[in-house]
Structures are given as structure tokens and as C-alpha cells.
Amino acid sequence: MLVEFSVENYRSIQERQTLSMVASEDLEVGAFRETPLLENNSFPMPTDEELRLLASAAIYGPNASGKSNLVRAMQSLKRVVMDSATKMQAGERLPYIQPFLLDAEWSKKPTCFEIIFIDEEIRYEYQVSLDQRRVYEEQLIARVKGRSQTWFSRQYDPEDPELQQDDGYEWSFPKLKGEKKRIQKFVRSNSLFLSHAAQNNHPQLTKVFKWFVKKMNFIDPDFSKSYTTGRCMSDTEFREAVVKLIVEADIGISDINFVPKPMPAEMRDFFLNRLKEVSSEIQRTDIIEDFDEGEFEVVQVVTVHKPSNSEEPVSFNMNDESEGTQRFFEMAGPWLDVLQEGEVLIVDELDRSMHPVLARSLVKMFNDPEINKKNAQLIFTTHDTTLLDAEIFHRGQVWFTEKDRNMTNLYSLLEFQPRKDESLQRGYLLGRYGAIPFIGGLNI
């Protein structure tokens with residue numbers, strides 16, 4: 001579960017910005033009993049029973065204010081952790097890192113990420129500072145049974161002549177067990193020690209690595225359509241849960257079928273040619289021989305509708321459904337997965353092509369302890385002001401982004417202390433909380 005994420009010097013984010021999932025500190029623990037909404041929308045922090053974590057958080061702001069850049073920052077951290085050891089070569093630039101370019105000095109500084117999360121009763125604090133060419137700092141602190149332990153740290157110092165005889169880094173492993181020095185030798189200037197440790201099956205750090213890979217999930221506007229289909233094809237119970245969710249959404253679909261079809265010739269030829277290239281690169285000419293005709297198939301998603309004047313169902317290709325229906329189907333798989341596993345889901349543009357009532361129902365799933373039994377968390381950006389409702393969100397769950405001197409500023413609705421009976425939607429649209437566009441008039 002996510003406790004906090006901070007980022008500095010990334011795209012439109014110049015100064016350090018922090019998104020906290022800790023329930024508002026303006027209320028004492030006993031006060032949660034007096035605010036059922038916040039009690040339902042949060043859960044006790046496993047490592048500190050006096051604190052609670054939010055089950056969901058919404059981020060509002062005008063176009064180009066930096067909402068998506070906050071999501072991209074979290075994605076970039078995950079990608080560097082996942083890929084730096086296996087997909088990057090020495091001297092290769094890290095493609096995910098882009099500093100704040102609207103200031104000459106900041107454009108030359110490294111980007112900084114810090115994330116605090118809890119996994120299996122251990123609270124981790126992971127920090128990394130890097131640019132496209134080099135990692136400057138990396139550190140992991142674990143809080144185990146109430147005590148903080150620095151598991152490892154590395155810091156680049158180009159001015160220290162003794163360090164330059166080695167790799168330029170000052171290394172420290174105060175509380176890290178298992179192999180360290182051998183793994184350290186694999187680490188490049190553009191890769192993370194955490195990533196190499198997982199690649200070498202380090203028992204402590206592999207668990208941390210797996211949290212990023214498995215428990216930090218994203219849905220963005222370019223999210224792949226294949227995830228939900230693949231899960232439904234391999235898991236009958238999961239397929240039934242997806243169909244049930246879509247039927248309950250009242251979009252006219254009564255069932256969904258998954259029909260294997262022969263792969264189009266052009267797609268098959270492209271796949272084979274690419275496979276030949278890979279086979280040649282790794283000198284394995286026998287790879288293609290392992291494939292049979294049945295593996296050159298694609299799955300067609302077929303929606304089933306019941307006509308009002310006939311008992312005979314009518315089927316449609318999912319591609320013929322509305323964009324909103326396709327988007328909802330794409331999201332259904334990871335949505336249910338995260339709720340079932342107690343993971344974190346981060347969604348950019350939740351309201352894209354989706355009716356506000358449907359978006360409202362999806363958000364409520366995370367805020368319902370009867371559904372969200374494993375304390376999953378949802379973080380999303382949106383322009384849908386109908387979700388700014390005191391029946392859905394406590395004020396500590398609402399965040400805003402706006403530009404200040406060309407840089408993104410992230411802040412909480414808590415800063416404005418709105419009245420309990422205040423209409424959050426009206427207050428936002430009237431500009432009481434900022435984070436709205438100021439348009440002097442559009443003319444042609």
C-alpha cells in the first residue's frame with residue numbers, strides 16, 4: 001500500500017511535490033468514529049495503528065497543469081526499477097527521465113523520486129536521484145518492528161579521487177543481509193542496485209522489486225486492450241466477474257464471449273519476420289520450428305445483446321461498441337485484479353469516454369469496505385466535477401494541480417478547510433480552490 005510519493009525536477013514539476021495517502025491529520029483517531037465517510041474511505045496503517053491510509057484520492061486541475069506528469073513520474077520510477085538492469089546498456093540514456101526545462105539551472109540537475117510504501121508489515125522508503133545518463137543517489141530504508149534500518153545507499157561523488165579509482169560511488173550496506181559486493185560489481189552508472197539485486201534473486205530486495213512490478217498498477221489513455229482479454233481467457237472465475245461488472249453497468253451487454261480467430265496473413269508474416277530476426281540475434285534457428293498453426297491466432301471479443309422483441313441474442317464485435325464501452329472493458333480487468341489483490345491502481349483521465357454515473361460507481365468500489373476487503377488504493381486524475389461530492393470523498397482525498405511560474409504546484413483541498421455543508425463542486429467551479437483555467441474569451 002502506498003503511503004507517499006514525492007518528485008522533484010521532472011517535466012513540469014520543478015520544486016518537490018508530494019502526494020500523501022495518509023488520512024488527514026486534522027482529525028484525531030477518535031474523530032474517525034464521528035466521520036463515517038472518512039472511516040469507510042480509509043483503513044488503519046499496518047505499521048502504525050494511530051494512522052490511517054486513504055483508499056482513494058482524486059486529482060483535479062486545468063489542462064497542462066501537471067496532473068498527467070505526476071502520474072508519469074510514478075510510471076517513470078517503476079520503469080527505471082523494472083528495466084535498468086535488464087534493458088539498459090552501459091552508456092545508454094534513460095529514456096523516461098526529463099527534467100524541468102524552463103529553467104537553465106534546473107535543466108542540468110538530476111530528477112529526484114521518493115516513495116514510501118508498506119508491504120508485508122514492513123514500511124519502505126526508497127529514494128533515487130538520477131538524470132538520463134547517471135544515477136547520483138540511491139537509498140532504501142526499511143522500518144521493521146518499529147525500527148528504521150538503512151539497507152543500502154550509494155552516492156556519486158566525482159570530486160573524491162579515492163572513489164574515482166573504483167566506480168565513483170560511495171557504497172554503504174548497514175543492515176542488508178545476503179550478497180552485496182558481488183551484485184555491486186554488476187551495477188552501472190545508469191542502472192539501479194535494487195534492479196540488479198532482484199535480477200540476482202536477493203531475498204530481501206527481490207520482495208521490494210516485486211512490489212513495484214506487481215502492486216503498482218497503471219491505466220493511462222494508451223492502456224493496452226489485451227490485458228482483460230488475456231485474463232478472461234485463462235481464468236473462468238475472473239471472466240465471470242468481468243461479465244458481471246459489465247452487465248451491472250447497464251450498457252446493454254448481457255454476456256461476453258472470446259472467440260479465437262486465425263491471425264491475419266500480414267500480422268502473421270510480420271510476427272514471423274521479427275521472430276527470425278530475434279532467432280538470428282541469439283543464434284537459435286530452432287525457435288520458429290517450435291510454433292504450430294494454432295499459435296497464430298488472435299482473440300475476438302464478442303459482446304452479446306438481448307433484443308427487446310426477440311429471444312434470439314445478437315452479437316457484436318467489441319470494436320463496434322462505443323469508445324466508452326471499450327474503455328470500460330479495458331479497465332475492468334485491472335480494476336478487479338487490484339481490488340482482489342489489495343494493490344495500488346493509478347489512473348490517468350478516469351473520466352475519458354465514461355459517463356459520470358459509471359465513474360462514480362467505480363470509485364465507490366474502492367471506498368466500500370465490503371468490496372475493498374484487502375485495502376486496495378485508487379489514485380486518479382479527472383475533470384469530472386460531479387465526483388466532487390461530500391458523499392463520495394472526504395476533503396482530505398481531493399488534490400489539485402495548477403501552474404505557478406510555469407511549474408506544477410500540487411496541493412490538498414484540506415488547505416481551504418471547506419465547511420461540512422459546502423458544495424465542493426460549486427466551490428471548485430467558482431475558483432475558490434484554484435486549479436481551474438482562467439479564460440478571457442475564445443475568439444476566431
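Residues numbered from 1 in each chain as written. Predicted model: local features only at pLDDT ≥ 70, side-chain atom pairs only at ≥ 80, totals over all residues. Heavy atoms only, no water.

J.: How should the packing of aromatic side chains be read in this particular structure?
T.: In this description, an aromatic ring pair is defined by two values, namely the gap between the centres and the angle between the planes. Applying the stated criterion across every chain yields a total of 25 aromatic pairs. Between Tyr126 and Phe212, the aromatic rings sit 6.0 Å apart at their centres with planes inclined by 70°, giving edge-to-face as the arrangement. Highlighted residues: Tyr126 in strand E7 (residues 122-130) and Phe212 in helix H6 (residues 203-215), separated in sequence by 86 residues. On the basis of relative accessible area, Phe212 is assigned to the buried category, the value being 0%. Among the aromatic residues, ring-to-ring pairing joins Tyr136, Phe152, Tyr156, Tyr169, Trp171, Phe173 and Phe193 into one connected group. Note that Arg154 overlies the ring of Tyr169, its terminal NZ or CZ placed 4.4 Å from the centroid. (Phe/Tyr/Trp six-rings, centres within 6.5 Å; stacked < 30°, edge-to-face > 60°. Helix = DSSP H or I, 4+ residues; strand = E, 2+ residues; numbered from the N terminus. Buried < 20%, exposed > 50% of the residue type's maximum accessible area, 1.4 Å probe, protein only. Lys NZ or Arg CZ within 6 Å of the ring centre and 35° of its normal.)

J.: Is there a simple way to think about helix H10 (residues 323-341) in this case?
T.: Since the α-helix packs 3.6 residues into each turn, any two residues three or four apart lie on the same face. Given a rise of 1.5 Å per residue, 19 residues ought to cover 27 Å, and the 28 Å separating the end C-alpha atoms of H10 matches this to within 8%. When the local axis directions of H10 are compared, the greatest deviation, roughly 35°, occurs at Ala332, which is followed within four positions by the proline Pro334. Within H10, 16 of the 19 residues are buried, which leaves it mostly tucked inside the rest of the structure. (Expected span 1.5 Å × (residues − 1). Bend = angle between axes of the 7 residues up to and from the residue.)

J.: Can you help me understand the side chain of Arg231 in this one?
T.: As for its placement among the helices and strands, Arg231 is situated in helix H7 (residues 226-234). Residues in contact with Arg231, not counting those within four places in the same chain, are Phe238 and Asp337. (Contact = heavy atoms within 4.5 Å.)

J.: In this structure, what is going on with the sheet that holds strand E12 (residues 255-262)? I would like to understand it.
T.: Strand pairing within a sheet occurs via backbone hydrogen bonds; the two strands may be parallel or antiparallel. With antiparallel pairing, the 3 strands of this open sheet are ordered in space as E12-E13-E14. Taken across any chain shown, the strands that pair with only one partner, and hence form the sheet edges, are E12 and strand E14 (314-317). Looking at each pair of strands side by side, their axes are set apart by 35° on average, direction ignored. As judged from the 4 bridges shared by strand E13 (residues 297-305) and E14, these two strands associate in the antiparallel manner. (Pairing = 2+ DSSP bridges. Axes fitted to C-alpha atoms, helices over the stretch in contact; angles between N-to-C directions.)

J.: Hey, could you run me through the pairing of strand E5 (residues 56-60) in this one?
T.: Sheet faces and side chains relate simply in a regular strand, where the side chains alternate between the two faces. The buried fraction of E5 is high, at 5 of 5 residues. By the alternation rule, side chains of E5 split into Ser56, Ala58 and Tyr60 and Ala57 and Ile59, which are all buried. Bridge count for E5 against strand E16 (residues 377-381) is 4 bridges, and the pairing is parallel. Along E16, the bridge assignment pairs Ser56 with Leu378. Pairing geometry for E5 and strand E17 (residues 398-404), over 3 bridges, is parallel. Along E17, the bridge assignment pairs Ile59 with Trp399.

J.: Which parts of the structure should I look at to understand the confidence of the model for the chain?
T.: Close inspection of predicted coordinates is inappropriate in any region flagged by low pLDDT. In this model, the chain carries an average pLDDT of 88, and 89% of its residues clear a pLDDT of 70 or more. Ignoring residues within four places in sequence, the model shows residues 27-34, a span with pLDDT below 50, making 11 contacts including any to other chains. (pLDDT = per-residue confidence, 0-100.)

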